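What follows is the residue order along each chain.
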Amino acid sequence: MQRVGVFVCWCGSNIAATVDVKAVAEALKAEPGVVFSTDYQYMCSQAGQDMIKEAIREHQLTGVVICSCSPRMHEATFRKTAESAGINPYMVEIANIREQCSWVHKDIPTGTEKAIILGRAAIAKVSLNAPLTPGESPVTKRALVIGGGIAGIQTALDIADAGFPVDIVEKKPTIGGKMAQIDKTFPTLDCAACILTPKMVDVAQNDKIRIFSYSEVEAVSGFVGNFDVKIKKKARFVDETKCTGCGLCTEKCPQKKVPNDFNLGMDMKRAIYIPFAQAVPKVATIEADYCNMLKNGKCGVCAKVCTAGAIDYKQQDEIIEEKYGAIVVATGFNPISMEKFDEFAYNQSKDVITSLEFERLTNAAGPTAGKLLRPSDGKHPETIVFVQCVGSRCDACNEKGKEYCSKICCMYTAKHAMLTRDKYPDTDVYVFYIDVRTPGKNFDEFYRRAVEEYGVHYIKGMVGKILPEGDKLKVRASDLIENKQINIDADLVVLAAAIEPDKSARPLATMLTASMDTNDFFTEAHPKLRPVESPTAGVFLSGACQGPKDIPETVSQAGAAASKVIGLLAKDKLLGNPCVAGSDEMMCNGCSSCERVCPYGAISYLDKEFRMPDRTTKVRRVAQVNEAVCQGCGACTVACPSGAMDLKGFKNNQILAEVDAICR
Amino acid sequence: MNKKAIRDEIIHISGVNPKKCMKCGKCSGTCPSYNEMEYHPHQFVYMVESGDIEPLMHSDSLYKCLSCFACVERCPRGVEPAKIIEAVRLMTVRQQGANHLKSDAIPELLDENLPQQAIVSAMRKYSK
Amino acid sequence: MKVSYYPGCTLKTKAKDLDFYLRKCAGVLGVEVEEIENWQCCGGVFTTASDEIATKLSSVRALSEARDKGQKLLTVCSACHNVIKQTNYQIKNDADFAARANNYMQQDVPYEGEAEVVHFLELLRDEIGFDAIREKVTDALKDKKIAAYYGCLLLRPGKVMQLDDAENPSIMEELIEAMGATPVVSPYRNECCGGYVVLDDAKSAEKKSTAITENAKTMGADMIVTACPLCKYNLEKHDQSIPVVYVTELLAEALGIKEGV
């Protein structure tokens with residue numbers, strides 16, 4: 001029989017306002033095995049913890065029940081308290097009388113009654129608890145960063161700075177991501193390339209960092225500290241070790257009609273190309289679908305002109321296998337397709353563009369060499385209309401758009417409008433907005449400057465329809481302040497398209513068993529207190545893969561993710577979770593039910609020899625749990641038809657004892 | 001009927017939840033009859049929500065809506081303003097003697113090409 | 001193939017051509033058109049009010065008959081198509097409405113939205129195929145520049161009508177191209193012509209219609225094609241300088257069967 005101590009917390013008035021804590025402590029005193037029961041204002045305080053320790057020693061307690069907040073808040077705290085008083089930390093049970101009781105009930109009698117029942121269940125469980133000891137596992141001291149945009153770059157640099165090796169996997173031929181496509185950054189208006197490319201060079205020159213460009217993560221197995229990852233290096237048909245990035249191949253390539261994705265299809269590139277001048281690695285890549293040599297064996301010009309002998313038409317995809325201790329997801333975002341928003345005539349007129357396309361149109365390395373010329377006829381646009389919130393803030397049932405605010409559009413639109421007025425003062429610039437959202441340092445000041453100093457016309461209202469007529473775009477919109485419908489003959493319309501997570505995020509989340517929300521943004525372990533960790537141990541989040549973010553926010557989150565990774569990699573050994581599943585081999589009939597439901601691939605089967613009562617031996621197929629991989633979710637214990645599978649710390653008889661106590 | 005009852009009835013028969021409106025004005029930005037209307041689509045939504053329905057029920061705007069569904073199609077919040085306008089119009093024309101188009105007025109509106117479709121549609125929209 | 005056909009009242013009076021050429025074209029294209037018995041006027045407009053039941057029963061009746069015959073229900077007038085398709089959608093998605101409508105109807109088998117409503121354009125695209133039409137047409141429309149006018153009723157609400165992308169449709173342009181003519185894409189093709197408001201505020205309708213015809217002319221169109229008698233009326237009433245033809249009539253011309261009107 002355990003000697004159980006019960007500690008009922010008031011949590012100030014959080015619990016005590018709806019639960020008669022003294023009555024709870026008194027009632028639980030009568031439960032079997034309880035030798036001590038008390039209440040206190042803040043059990044988690046130092047005084048509260050000291051009280052628990054003292055009671056453990058004085059009453060020789062073997063089990064402890066804390067009636068308090070959710071175990072997610074303070075289970076770890078109280079386990080440490082118990083351990084320091086000399087009992088096994090897994091002999092502590094929490095009855096959640098706050099989130100599951102006082103916060104959901106309104107009157108004291110109901111709250112008190114339920115608190116007593118919850119306490120009773122915890123006492124019943126702790127009576128069957130057994131001391132548990134976590135296993136240890138080693139830590140591979142290398143990190144993987146998936147995505148080479150500014151988020152991935154910053155995370156990798158910070159991890160490498162602490163002395164740990166890092167690999168970046170980037171699916172495009174170069175790192176740099178969206179920031180490399182942007183012209184200027186708000187609210188300081190410094191040139192994006194000028195601040196990004198030195199970081200890209202730092203990555204390239206850092207001997208702790210390896211870049212797998214034009215590569216994708218193919219498979220992930222293992223667990224925190226010990227991930228096994230397969231990386232597919234796609235064939236670029238150029239030997240990276242030989243290519244000097246001289247660009248001669250690109251110059252001579254006769255296939256000039258390849259849509260240039262770096263410029264969002266607004267101009268053409270060659271079939272062999274380097275995405276932009278500051279690309280890292282500065283290595284050419286062949287676009288296989290367009291290369292005449294790869295398609296029909298007729299050409300070979302690039303191989304002929306390459307003095308380094310780097311062209312390799314026979315190059316194959318290559319699989320690299322590597323071990324990592326931690327994985328950082330930095331897969332970023334994309335603007336949503338404007339396909340379904342044709343009330344804005346995006347598909348009907350070349351002069352209706354997205355904001356990211358506008359960035360390329362104003363970038364010196366873009367298709368117009370930085371001159372703001374409209375795509376249809378190359379003329380200078382005299383009237384430009386910016387439309388905010390295209391596809392953002394839509395109703396949940398709206399199949400076209402997203403429910404969330406994309407967060408960055410208000411500021412980049414203010415930037416576009418301001419820069420246009422600065423460079424081309426003869427241009428009329430209108431911005432249609434629903435709200436202008438500028439909650440960032442120097443953000444509202446920036447927006448006000450666009451209005452007050454640069455004379456951008458901000459109109460509260462939304463564009464309803466755009467009619468391309470002749471060489472004009474007739475913009476029909478509402479002006480809610482003046483309560484009138486206005487018509488503007490525009491030369492160029494810029495749509496602030498909502499942003500969404502990169503399409504690669506969903507399959508990656510499946511590989512990592514990392515959770516996502518309904519919008520395919522990665523979920524953080526706690527929205528406030530653990531914002532850069534995924535709930536899956538060893539997986540960290542950096543940048544817009546977790547939610548819309550601007551550059552400063554992305555960089556701070558990238559650094560935060562790196563510090564979490566460094567904290568993990570600095571450890572030599574990790575303590576596992578001792579609450580893992582185990583199979584009773586004598587009862588297991590090898591049916592595979594548990595293996596099928598295990599989300600972590602922790603269960604395998606073994607043909608094992610058993611001695612029978614008649615001294616013969618028999619080979620039987622039995623389940624085996626890899627305790628290092630098991631996360632203790634308990635799915636297998638539910639699926640097991642013979643009751644062989646059980647979860648330490650949550651054994652079937654413990655759960656049933658709780659149910660019995662509740663139903664008593 | 002009191003104000004609240006009218007509001008509830010309009011919300012009920014239109015099936016529209018005006019609380020979903022984020023007041024972007026896209027409905028009014030896209031409405032082809034905007035300039036013929038005293039109260040515009042976004043005002044219908046807002047005024048029904050705030051219970052200020054009387055002026056709408058007496059406004060000629062009720063008969064200017066083309067039921068073209070442009071606002072319904074384009075509303076990012078799925079509010080469907082045309083359905084609100086339809087409900088307010090029905091509240092008006094369902095009252096005794098409140099038909100906007102009387103059947104004896106029709107003969108003089110006819111011309112030799114006018115399709116039947118126009119007459120039955122107008123009767124449906126303007127009369128009970 | 002055999003389809004149930006709902007012509008609608010305007011097609012029996014002012015829009016006889018729309019009906020006559022539909023039947024002729026269907027014959028040539030191998031579609032047997034069976035006019036449903038005892039159809040009644042659809043009412044011209046779909047009432048969105050949830051408490052309007054009786055006004056939708058004629059649609060339910062037509063739909064039930066097609067269902068009983070195991071046929072698709074073919075329409076061509078945009079208004080009829082809109083009303084019947086929206087009614088069908090409501091029957092399928094609003095259990096309360098379905099129950100009340102069936103209560104009125106007292107049919108042996110209640111109607112639950114089993115029938116499929118197809119517009120003549122959908123029949124051409126999805127059943128016959130524009131390629132098959134391309135093979136059958138003469139060069140009657142060669143060198144013709146034709147602006148498709150969709151109006152509202154064929155396209156909206158897009159969620160219900162599902163004819164095509166409601167903001168950037170292409171079905172009529174593809175048909176024009178298959179008929180050997182050149183499509184002219186006017187941005188006004190899904191703007192409203194003024195509809196029934198012509199009876200209450202002719203000026204308003206005039207404004208809307210002329211914007212459409214003016215733009216079609218500016219874009220270089222020789223004619224406008226439509227499926228809706230009311231659109232045709234509004235467009236022709238306010239601008240006589242560009243012909244407006246029914247889609248069935250145009251197809252008959254392309255197929256070389258227009259003689260013998």
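Just so it is clear, the model here is predicted, and its values are computed rather than measured.

### Some remarks on the interface of chain B and chain C
- Counting from both sides, the interface comprises 41 residues of chain B and, opposite them, 45 residues of chain C.
- In total, chain B and chain C occlude about 3,700 Å² of area from one another, counting both sides; carbon and sulfur atoms represent 54% of this.
- Put simply, chain B and chain C have 8 salt bridges between them.
- Linking chain B to chain C there are 22 residue pairs in polar contact (both at pLDDT 80 or more).
- Secondary-structure elements contributing two or more residues to the side of chain B that touches chain C are helix H1 (3–14), helix H5 (70–74), helix H6 (81–93) and helix H7 (116–126) of chain B.
- Residue contributions to the side of chain B that touches chain C peak at 10 residues, all from H7(B).
- Looking at the side of chain B that touches chain C, its residues break down into 17 nonpolar, 9 polar and 15 charged.

### Overview of the interface of chain C and chain A
- On the side of chain A, 11 residues touch chain C, which itself brings 9 residues to the contact.
- Taken over both partners, the interface formed by chain C and chain A buries close to 870 Å², and the fraction arising from carbon and sulfur atoms is 42%.
- Taken together, the links from chain C to chain A amount to 2 salt bridges.
- Ionic pairing is found between C:Glu191 and A:Arg476, a salt bridge with its closest N-O pair at 2.6 Å.
- Here chain C is connected to chain A by 6 residue pairs in polar contact (both at pLDDT 80 or more).

### Some thoughts on the nonpolar core
Residues and elements named next belong to chain C.
- Counting residues in hydrophobic clusters, the biggest one holds 74 residues, and the most contacted among them are Tyr6, Phe120, Leu124, Ile133, Val225 and Leu251.
- If you tally residues by element for this core, the top one is helix H11 (residues 247–255), at 6 residues.
- Residues from two domains meet in this core; each of domain 1 (2–120) and domain 2 (138–255) gives at least three.

### What to know about the pairing of strand E1 (residues 4–9) of chain A
Residues and elements named next belong to chain A.
- Burial within E1 is extensive, with 6 of its 6 residues counted as buried.
- Neither face of E1 is open: one carries Val4, Val6 and Val8, the other Gly5, Phe7 and Cys9, and all of them are buried.
- With 5 bridges connecting them, E1 and strand E3 (residues 63–68) associate as parallel partners. Across the sheet, residue valine 4 finds its bridge partner in E3, namely glycine 63.
- Pairing of E1 with strand E2 (residues 34–40) involves 6 bridges; the strand directions are parallel. Bridge assignment links valine 6 to a residue of E2, and that residue is serine 37.

### Points about empty space enclosed by the protein
- Applying the stated criterion across every chain yields a total of 12 cavities of 30 Å³ or more.
- Put simply, the largest cavity is a space of about 250 Å³.
- Breaking the lining of the largest cavity down by element, the ones donating at least two residues are H7 of chain B together with helix H3 (78–93) and helix H10 (229–238) of chain C.
- In terms of residues, the lining of the largest cavity owes the most to one element, H3(C), which gives 4 residues.
- Looking at the lining of the largest cavity residue by residue, the class counts come to 16 nonpolar, 9 polar and 2 charged.

### With respect to the state of the cysteines
- Inspection of every chain in the model, using the stated rule, returns 1 disulfide over all chains.
- Through a disulfide, A:Cys191 is tied to A:Cys194; the S-S separation comes to 2.3 Å. Here the disulfide of A:Cys191 and A:Cys194 is right-handed, its torsion about the S-S bond being about 90°.
- What makes A:Cys194 exposed here is its relative accessible area of 53%.
- With no disulfide of its own, A:Cys69 lies 6.2 Å from the sulfur of A:Cys11, the closest cysteine sulfur.
- Take B:Cys75: it sits in no disulfide, and the sulfur closest to it among the cysteines is that of B:Cys24, at 6.3 Å.

### Notes on the sheet that holds strand E1 (residues 2–5) of chain C
Residues and elements named next belong to chain C.
- The strand order across the open sheet formed by 4 strands is E2-E1-E3-E4, and the pairing between neighbours is parallel. Strands with a single pairing partner mark the edges of an open sheet, and in this sheet they are strand E2 (32–35) and strand E4 (117–119). Taken over all neighbouring pairs, the strand axes of this sheet differ in orientation by 40° on average, direction set aside.
- Relative to E4, strand E3 (residues 73–75) runs parallel, the two sharing 3 bridges. Bridging from a neighbouring strand, leucine 73 pairs with valine 117 of E4.
- Sitting on the sheet, helix H5 (residues 120–128) is in contact with E1, E3 and E4, with an inclination near 90° to E4.

### Concerning the domain arrangement of chain B
All names here are of chain B.
- Segmenting chain B into domains produces domain 1 (3–95) and domain 2 (100–128).
- Each of domain 1 and domain 2 has a C-alpha centre, and these two points are 23 Å apart.
- Across the boundary between the two partners, domain 1 contributes 8 residues, which contact 5 residues of domain 2.
- Carbon and sulfur atoms supply 60% of the area that domain 1 and domain 2 bury against each other, a total of about 600 Å² over both sides.
- Interface area lost by domain 1 to domain 2 is led by Tyr63, Arg89 and Val93, which between them contribute 66%.
- Our count for the domain 1 to domain 2 interface comes out at 1 salt bridge.
- Put simply, glutamate 86 and lysine 125 hold a salt bridge, and the shortest N to O gap is 2.6 Å.
- Along the contact surface separating domain 1 from domain 2 lie 4 residue pairs in polar contact (both at pLDDT 80 or more).

### Things to note about the side chain of A:Lys465
- Mapped onto the fold, A:Lys465 is located in strand E24 (residues 463–469).
- With a relative accessible area of 4%, A:Lys465 lands in the buried category.

### Topic: the packing of aromatic side chains
All names here are of chain A.
- Applying the stated criterion across every chain yields a total of 11 aromatic pairs over all chains.
- Relative to phenylalanine 386, the ring of phenylalanine 358 has its centre 5.4 Å away and its plane inclined at 75°; by these criteria the two rings are edge-to-face. Of this pair, phenylalanine 358 sits in helix H12 (residues 355–362) while phenylalanine 386 sits in strand E21 (residues 383–390); the two residues are 28 residues apart in sequence, bridging distant segments of the chain.
- Judged by relative accessible area, phenylalanine 386 falls into the buried class, the value being 1%.
- Their ring planes at 70° and their centres at 5.2 Å tell us that tyrosine 404 and phenylalanine 521 sit as a pair that is edge-to-face.

### Topic: the pattern of salt bridges
- Enumeration over the complete set of coordinates arrives at 79 salt bridges over all chains.
- In this structure, A:Asp572 engages A:Lys141 in a salt bridge whose closest nitrogen and oxygen atoms are separated by 3.4 Å. Taken as a pair, A:Asp572 in the loop between helix H16 (551–569) and strand E30 (573–575) and A:Lys141 in the loop between strand E5 (136–138) and strand E6 (143–146) lie far apart in primary sequence, 431 residues in all.
- Judged by its relative accessible area of 31%, A:Lys141 falls in the partly exposed class.
- Residues A:Glu343 and B:Lys26 are paired through a salt bridge, measuring 2.7 Å at the closest nitrogen-oxygen approach. Of this pair, A:Glu343 sits in the loop between strand E19 (333–335) and strand E20 (352–354) while B:Lys26 sits in helix H2 (residues 26–30), each in a different chain. The two residues A:Glu343 and B:Lys26 agree in class, both being buried.
- The network of salt bridges with common partners includes A:Asp351, A:Arg374, A:Asp377, A:Lys379, A:Lys472 and A:Asp491.

### Concerning the pairing of strand E32 (residues 603–611) of chain A
Residue and element names in this part refer to chain A.
- As judged from the 9 bridges shared by E32 and strand E33 (residues 617–625), these two strands associate in the antiparallel manner. Across the sheet, residue serine 604 finds its bridge partner in E33, namely glutamine 624.
- Taking the residues that link successive antiparallel strands as the turn, the E32-E33 hairpin has 5 residues, and the phi of arginine 615 there is positive, at about 70°.

### As for the domain arrangement of chain C
Residues and elements named next belong to chain C.
- On domain assignment, one finds that chain C holds domain 1 (2–120) and domain 2 (138–255).
- Computed from C-alpha atoms alone, the centre-to-centre distance between domain 1 and domain 2 is 23 Å.
- Taken residue by residue, the interface counts 22 residues in domain 1 and 18 residues in domain 2.
- Note on domain 1 versus domain 2: buried area summed over both sides is about 1,800 Å², and carbon and sulfur give 78% of it.

Conventions we followed
- Residues numbered from 1 in each chain as written.
- Chains lettered and ligands numbered in written order.
- Predicted model: local features only at pLDDT ≥ 70, side-chain atom pairs only at ≥ 80, totals over all residues.
- Heavy atoms only, no water.
- Contact = heavy atoms within 4.5 Å.
- Buried area = accessible area lost by both parts, 1.4 Å probe.
- Salt bridge = Lys/Arg side-chain N within 4 Å of Asp/Glu carboxyl O.
- Polar contact = N/O pair within 3.5 Å; in protein donor to acceptor, adjacent residues only side chain to side chain.
- Helix = DSSP H or I, 4+ residues; strand = E, 2+ residues; numbered from the N terminus.
- Nonpolar A, V, L, I, M, F, W, Y, C, P; charged D, E, K, R; others polar.
- Core = buried A, V, L, I, M, F, W, Y, C linked by side-chain atoms within 4.5 Å.
- Buried < 20%, exposed > 50% of the residue type's maximum accessible area, 1.4 Å probe, protein only.
- Domains from an automatic or database assignment.
- Pairing = 2+ DSSP bridges.
- 1 Å grid on protein atoms, 1.4 Å probe; cavity = no way out; pocket = protein on both sides within 12 Å on 5 of 7 lines; lining within 4 Å.
- Points joined across faces, edges and corners; volume = space filled by probe spheres on them.
- Disulfide = S-S within 2.5 Å.
- Axes fitted to C-alpha atoms, helices over the stretch in contact; angles between N-to-C directions.
- Phe/Tyr/Trp six-rings, centres within 6.5 Å; stacked < 30°, edge-to-face > 60°.

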